[in-house]
Amino acid sequence: MIVLISKRQTVAWLSPFLVLVLLFFLVPLLYMLITSFQNSDGFTLAHYQSVLTNDYILQGFKNSITLSVISAVIALMVTLFAVYAIMRFSEPVREKILILTNLTSNFSGIPLAFAFIVLLGNSGLFTLLFDQWGIDALSSFSLYSWGGLLLIYIYFQLPLALMLLYPIYDGIQQQWKEAAALLGASTWQFWVKIGVPVMLPGIVGTFSVLFANAMGAYASAYALTSSSYNLVAIRIGSLIQGDIFAQPELASAIAVILAVTMVMAMLLSEWSISKTRRKL
């Protein structure tokens, strides 16, 4: 039985979604963009000038980009081998691992930071145990430093990377491996010549998603370091909350530049993907 749906019915069914997008995406985005060009005297570019000439804010962008790139690269490298190992299990076991990974991907923000503090903080479980056993593995490690932030970022990047890379690995068909083996290719040659080139567009796309995910992360970093470590997301939050006095217009300008940075990363990713596909 074929049911014909008119355009009016389609619009009616999509209207709740369109209203949701309008109220929670487009309206805040337009408000942020308009606010970034305003002050008490009206239209101005002073906020963008302040962002681009303020060394402290530029340092925040540098720290955020560095942290995002390193965490994304490490998460990708670990997950590539993890997914390869997962694919060697049976289908029921893989489904259970994916369910666990999906649950883990929702564990982020303040609860994640609190969990790490309980385990690896100055009075954390492993910190006290290692100290009691005379193990110096954590004696020079501080959870509230750049290394601690990197550890947390890698942790919440891993489940997302695994969920994104699993379908890419699953797309490598068994017939390709068998055909390569019949032609005398080793497993290493198959992955170098066939597997990795086929997966490369998906890997690049996954990296761009991980980069954007880390650039926009706020709750975990703030809960762990408050305002002691300079990240662009924390700078935006502090300007809105008003540690000394609120500057929402300057925060909007920083947020716009942050959005532009993320869009540029996505466009670079799309360019790399299209270029890679043309070579295949």
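Residues numbered from 1 in each chain as written. Predicted model: local features only at pLDDT ≥ 70, side-chain atom pairs only at ≥ 80, totals over all residues. Heavy atoms only, no water.

So, empty space enclosed by the protein
Under the defined criterion, the tally for this structure stands at one cavity of 30 Å³ or more. Computed from the structure, the largest cavity encloses a volume of approximately 40 Å³. If you trace the largest cavity, you find it lined by S64, S68, Y153, A214, M215, A217, L231 and A233. Breaking the lining of the largest cavity down by element, the ones donating at least two residues are α3 (55-86) and α9 (187-215). In terms of residue class, the lining of the largest cavity is made up of six nonpolar, two polar and no charged. (1 Å grid on protein atoms, 1.4 Å probe; cavity = no way out; pocket = protein on both sides within 12 Å on 5 of 7 lines; lining within 4 Å. Points joined across faces, edges and corners; volume = space filled by probe spheres on them. Helix = DSSP H or I, 4+ residues; strand = E, 2+ residues; numbered from the N terminus. Nonpolar A, V, L, I, M, F, W, Y, C, P; charged D, E, K, R; others polar.)

Focus on the environment of S36
Positionally, S36 belongs in the loop between α1 (7-35) and β1 (38-39). Residue S36 is classed as buried on the basis of its relative accessible area of 0%. Spatially, the C-alpha atom of S36 lies 4.9 Å from that of S252, the residues being 216 residues apart in sequence. In this structure S36 touches T44, H47, Y48, E249, S252, A253 and V256, once residues within four positions along its chain are discounted. Here the side chain of S36 touches L33 through a polar contact of 2.6 Å, landing on its backbone oxygen. At 2.6 Å, the side chain of S36 forms a polar contact with the side chain of Y48. (Buried < 20%, exposed > 50% of the residue type's maximum accessible area, 1.4 Å probe, protein only. Contact = heavy atoms within 4.5 Å. Polar contact = N/O pair within 3.5 Å; in protein donor to acceptor, adjacent residues only side chain to side chain.)

Here we look at the pattern of salt bridges
Between side chains of opposite charge, a pair can form when the charged atoms approach closely. According to the stated counting rule, one finds one salt bridge in the structure shown. Measuring nitrogen to oxygen at the nearest pair gives 3.3 Å for the salt bridge that ties E91 to R94. Here the residue E91 and the residue R94 both occupy positions in helix α4 (residues 91-105), the gap between them amounting to three residues, near one helical turn. Here R94 falls in the buried class, since its relative accessible area comes to 12%. (Salt bridge = Lys/Arg side-chain N within 4 Å of Asp/Glu carboxyl O.)

Looking at the side chain of S238
In this structure, S238 sits in helix α11 (residues 232-241). Take S238: its relative accessible area is 11%, and that puts it in the buried class. A polar contact is formed between the side chain of S238 and the backbone oxygen of R235, at a distance of 2.9 Å.

A word on the packing of α3 against α9
Any two packed helices are characterised by how steeply their axes cross, that is the angle between the axes, and by the distance between the axes. The N-to-C vectors of α3 and α9 enclose an angle of 140 degrees; their axes lie 9 Å apart at closest approach. Overall, the two elements α3 and α9 adopt an arrangement that is oblique. Handedness of the crossing formed by α3 with α9: right-handed. Here α3 contributes S64, I65, S68, V69, S71, A72, V73, A75, L76, L80 and Y84 to the contact with α9, which in turn contributes T187, W191, M199, I203, T206, F207, L210, F211, A214 and M215. Looking at the contact of α3 with α9, its residues break down into 16 nonpolar, five polar and no charged. (Axes fitted to C-alpha atoms, helices over the stretch in contact; angles between N-to-C directions. Parallel < 35°, antiparallel > 145°, perpendicular 65-115°, else oblique. Left-handed = near helix turned anticlockwise from the far one by under 90°.)

What to know about α9
The end-to-end C-alpha separation of α9 is 37 Å, well short of the 42 Å expected for 29 residues at 1.5 Å each. Along α9, the sharpest change in direction is near 45 degrees and occurs at L200; proline P201 comes one to four residues later. (Expected span 1.5 Å × (residues − 1). Bend = angle between axes of the 7 residues up to and from the residue.)

A look at the packing of aromatic side chains
The final tally for this structure, using the stated rule, is 10 aromatic pairs. Residues Y169 and W191 carry aromatic rings whose centres are separated by 5.8 Å and whose planes lie at 65 degrees to one another, so their mutual orientation is edge-to-face. Taken together, the residues span a long stretch of sequence, with Y169 in helix α7 (residues 146-170) and W191 in helix α9 at a distance of 22 residues. For Y169, a relative accessible area of 9% gives the class buried. The exposure class of W191 is buried, given its relative accessible area of 13%. Among the aromatic residues, those joined into a cluster by ring pairs are Y84, Y169, F190 and W191. (Phe/Tyr/Trp six-rings, centres within 6.5 Å; stacked < 30°, edge-to-face > 60°.)

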